[in-house]
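So you can see what is in the structure, the chains are spelled out below.
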Amino acid sequence: MPPRNPVTPRVNTAPRLRCCAGLFCLSLFCLGTIGLWAPAPAAAQLPDHYQIHTDWLLDRSPFPAVITVTPDNRQLILENGLIRRTLALHPDPAGTGLATVGLDSLMTGASLLRAVQPEALLRVDGQDLIIGGLAGQPNQAFLTPEWQAALTPPPTAWRLAGYEIGDIQPRMEWQRPRNHAPHATWPPAGRHLRLDFLPPQTEQPATHSDTNPTTANGQTSTAQPQPEPQLPPQLQVSVHYEIYDGLPLLSKWLTVRNAGENTCTIERFTAERLAVVEHSNPVEDRPGVPLPAPTVLHVETDQAFGGFNFEQANRHAVRWLPDPTFDTQVNYLKNMPCLLEVSPARGPAQRLEPGQTFESFRVFSLVYDSEDRERRGLALRQMYRVLAPWVTENPLMMHLRTADPTAVRQALQQCHDVGFEMLILSFGSGFNIENNDPAYVAQWQSLAAEARELGIEIGGYSLLSSRQIGNGQDVVSPPGESPAHGHCPALTSPWGQAYFAQLRSFLQRTGFSLLEHDGSYPGDWDVTPRPPLQYGLEDSQWAQWQVISDFYRDCRAQGIYLNVPDYYYLTGSNKCGMGYREVNWSLPRAQQLIHTRQNIFDGTWTKTPSMGWMFVPLTEYHGGGAAATIEPLSEHLEHYRLMLLANLSAGVQACYRGPRLYDAPATRDMVRDVVAWYKSHRDILESDVIHLRRADARDWDGLLHVNPQLPERGLLSLFNPLPEPISREIWVPLYYTGLSDRVAVSVEGGPATVLPLDPRQRVKLTVTLPANGFQSIVFRPAD
């Protein structure tokens, strides 16, 4: 625990893309004359109940995070103009009680909290510890000011000993060797609060510090420094909060320091427990009709694994439970899932030696301001861009299916010729990152140097989970359970430790800057003692997660790009799969094209375009024969082009798997032209998407990219899957571009036409799309 200072705190011009023959036209549709169109109001697409003037999804700058103490020293408040979390301080003879008494959406005016809970829970050496909390609330449905004033700390609850306010510090180092989002920052801007707790004892005043102490009204405090309390001989427990500039987001975690002379064991912890306002109030609880959990909060942790989406990857830690103390709820059986609990399913059972500090996983809670799917998705994707900005790195990748040095040199040259940026030695290529032979390492060191001369990054594939090592080196599941992938090496075993040492050594010695880490650790339990890292079932998941997350954080610090088919974004991974069914790449080519656009449309509700990879098998994959295969590339040039566009026009990178990227000058020129078009619009294409129409092979489909911070505010990607040209009238919603009144519209890089917007920041275009074709439209400010 850092030392506490006894001070009162204070707040501190693009190339045109060649397209299929066909026409494109656009027109404005309106009722009456253009003169009747008034400038659109600023809040045209805000939720009806929005309570603040500025939409944070358009402009985050008016919402700086602050942490203040009220003049009466009875409340600590974390807020940023979008959300507010209020912590009440209640002194009593045993110390200062503290608990969260408010969690409010300032965007909608809604109160999210209905009752008080402890700040955290711990079990240490068999003893249950209540960290903070206030008791005495007579009704768990709401908390009146009078009831709040009368609350008292439970006799056994740990009391606040001091607090410290400062800036957010980076969770890991982020080296930036490649292109990323132009406005990405690290660490995130915001404020950090550390609350230090001691067991209940004789009255001792809390201490607190900040480099710039002020009171809530902005006046410099003249309070006298408080005496430093005596810390207990054993544990020092701290609860940490972070609140971020311009995001309705809080994070929370625990640290426990062993200040005693004996080893102790952190058997269990609960990092967050909130009594949240229930989603609805059904009287009945019938089989087959699940009771809905609150939807106003998105909650996840950085201990996420075993899934391609946040729900699956956090199922072991984030739980919505019934609240048995909520006697006044409408549900007759009191089964409404309205008690949020975030804790490991087992363990962590971590031994803490004298002088050591244990740190829990981090809990991230995002407050939604709407039930609208698009708006919620935009908020979630903003969160990932802030918490893990490395996900905005988005290199163009070739998957080479051979490791023959001659073929590697040819592929590197082809990547250079067409503008690809990364070469991956794919699964099945014969590349073996576990080969420690000096001659083998020297060969790849030389090829990596050649790649750098061409401006191409190179790396390779390694499989972790789903393989069996034998000789006691694999996880042994508890009775009734089995490894997620059938088999999994134990990361804490001697083999596991040697494996990660070899990965580190190979990457460092060769200069590889990419690792595709397949079958990453999915959260498997292991009953086998493997001291000193693991002592049995209860600590096995935590210990193995520490091994894998430490490795990924090290890769992030060294600038090594990570393709990981699992949800390790918040511990350093760059990219996971967008979500597709592999055997679908054996379908006929035309069907693959529709599936590609469907997969991207579906995946980008919760992932930014750069967070998920897609797949383009250039050679046969999972069968299907010639009808499913792009090779020979020059014979299927238009399909190849449309597969490139299906991905790149969405800002998504696919793994183009095969022996080459082109087989003839015409193929090379086509790939180079599409890549050049993508790079000329890269920033807007890798920005957020608005979902217009999902591909169904029956009519047009498309996505709209939006970014109010860029000169190109929007880019519309449209596809026609039909064998004949089509003409359609399409409302294009430009609200999230930040444009109002007028817009300059440019078709396929052509001259701009200025058109007015309707009061909802929409423009209605009449588009004529070529048969089996693609078109793009760019939107810029009219001025």
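Preceding this paragraph is the structure being described.
Caption draft 1: Representation of the overall build of the protein within the structure. Counting its secondary structure elements, the protein contains 11 helices and 36 strands. Over its C-alpha atoms the protein spans a radius of gyration of 28 Å, differing by no more than 12% from the 28 Å that the globule rule assigns to 783 residues. Taken over 783 residues, the protein has a buried fraction of 59%. Only carbon and sulfur atoms are counted for the fraction: they give 52% of the accessible area of the protein, which is about 29400 Å².

Caption draft 2: Highlighting helix 5 (residues 438–453). Between the first and last C-alpha of helix 5 there are 23 Å, a value that for 16 residues agrees with the 22 Å anticipated at 1.5 Å per step. Taken together, the buried positions of helix 5 are Tyr-440, Val-441, Trp-444, Leu-447, Ala-448 and Ala-451. Buried residues in helix 5, looked at end-on, bunch into an arc of 130°, giving them a common side. The exposed residues of helix 5 that point more than 90 degrees off its buried face are Pro-438, Ala-439 and Glu-453. Looking at the buried residues of helix 5, the elements they touch are helix 4 (405–418), strand 22 (422–425), strand 23 (457–463) and helix 6 (494–510). One or two steps after helix 5, the chain reaches Gly-455, where phi turns positive at roughly 75°.

Caption draft 3: Representation of the sheet that holds strand 17 (residues 337–342) in the model. Within the open sheet, the four strands sit side by side as 5-14-17-16. Their pairing is antiparallel. Edge positions in the open sheet fall to strand 5 (113–115) and strand 16 (318–322), since each of these has one partner strand only. Neighbour-to-neighbour, the strand axes of this sheet turn through a mean angle of 45°, independent of strand direction. Note that strand 5 and strand 14 (residues 272–276) share two bridges and pair antiparallel. Within strand 14, the position partnered with Ala-115 by the bridge is Ala-275.

Caption draft 4: Up close: the packing of helix 5 against helix 6. Running from N to C, helix 5 and helix 6 cross one another at 50°; their axes reach a closest spacing of 8 Å. Of the possible angle classes, the one that applies to helix 5 and helix 6 is oblique. Contact residues: helix 5 offers Pro-438, Tyr-440, Val-441, Trp-444, Gln-445, Ala-448 and Arg-452, while helix 6 offers Phe-506, Arg-509 and Thr-510. Each residue belonging to the contact of helix 5 with helix 6 can be placed in one class, and the counts come to six nonpolar, two polar and two charged.

Caption draft 5: Up close: a nonpolar patch on the surface. On the surface, Val-283, Val-330, Tyr-332 and Leu-333 cluster together into a nonpolar patch covering about 430 Å² of accessible area. Note that Tyr-332 resides in the loop between strand 16 and strand 17. Its relative accessible area of 69% is what places Tyr-332 among the exposed residues.

Caption draft 6: Structural context of the environment of Glu-311. With respect to the helices and strands, Glu-311 occurs in helix 2 (residues 310–313). In this structure the C-alpha to C-alpha distance between Glu-311 and Leu-618, which are 307 residues apart in sequence, comes to 33 Å.

Caption draft 7: Geometry of the nonpolar core. In terms of nonpolar packing, the biggest core is built from 206 residues, with Leu-122, Leu-195, Phe-420, Leu-423, Trp-444 and Phe-779 touching the most fellow members. For Leu-423, the residues in contact, after removing those within four places along its chain, are Met-398, Leu-400, Val-408, Ala-411, Leu-412, Cys-415, Ile-456, Glu-457, Ile-458, Gly-459 and Leu-514.

Caption draft 8: Spatial organisation of the sheet that holds strand 23. Strand order in the open sheet formed by eight strands is 25-24-23-22-21-28-27-26, with parallel pairing between adjacent strands. A strand with exactly one partner marks an edge of an open sheet, and here the two such strands are strand 25 (561–563) and strand 26 (576–577). Where strand 22 and strand 23 come together, four bridges link them in parallel fashion. Directly across from Ile-424, in strand 23, lies its bridge partner Gly-459. Taken strand by strand, helix 4 contacts strand 21 (397–400), strand 22 and strand 23, and its axis lies near 155° from that of strand 22. This element, helix 9 (residues 637–648), spans strand 27 (612–617) and strand 28 (654–658) of the sheet and lies at about 155° to strand 28.

Definitions and cut-offs
Each chain carries its own residue numbering, running from 1 in the direction its sequence is written. In view of the model being predicted, local features appear only for residues whose pLDDT reaches at least 70, and side-chain atom pairs are presented and counted only at 80 or more, with totals across whole chains, interfaces and linings using the full set of residues. Calculation of side-chain values draws on the structure's entire complement of heavy atoms; hydrogens and water are dropped beforehand. In this description a helix means any DSSP run of H or I spanning at least four residues, a strand means any run of E spanning at least two, and both kinds are numbered starting from the N terminus. Only C-alpha atoms enter the radius of gyration, while the globule expectation follows 2.2 Å times N to the 0.38, with N the number of residues. Working definition: with a 1.4 Å probe on protein chains only, accessible area under 20% of the residue-type maximum means buried, over 50% means exposed, and in between means partly exposed. Calculation of accessible area relied on Shrake-Rupley with a 1.4 Å probe; when residues are assessed, cover is drawn exclusively from the protein chains displayed. Helix span, expected: 1.5 Å multiplied by one less than the number of residues in the helix. To obtain the arc, one takes the directions from the helix axis to the C-beta atoms. For this analysis, residues touch if any pair of their heavy atoms sits within 4.5 Å. We treat two strands as partners when DSSP finds at least two bridges between them. Each axis is a line fitted through C-alpha atoms, taken for helices only over the stretch in contact, and angles between the N-to-C directions span 0 to 180 degrees. Note on terminology: angles under 35 degrees are roughly parallel, angles over 145 are roughly antiparallel, angles of 65 to 115 are roughly perpendicular, and the others are oblique. Amino acid classes used here: Ala, Val, Leu, Ile, Met, Phe, Trp, Tyr, Cys and Pro are nonpolar; Asp, Glu, Lys and Arg are charged; the rest, including Gly, are polar. Every patch collects residues that have over 30% relative accessible area and no salt bridge, joining them within 9 Å if they carry like charges and within 5 Å if they are nonpolar side chains (Val, Leu, Ile, Met, Phe, Trp, Tyr). The working definition used for a salt bridge is a side-chain nitrogen of Lys or Arg within 4 Å of a carboxyl oxygen of Asp or Glu. To define a nonpolar core, start from buried Ala, Val, Leu, Ile, Met, Phe, Trp, Tyr and Cys residues and group those joined through side-chain atoms within 4.5 Å.

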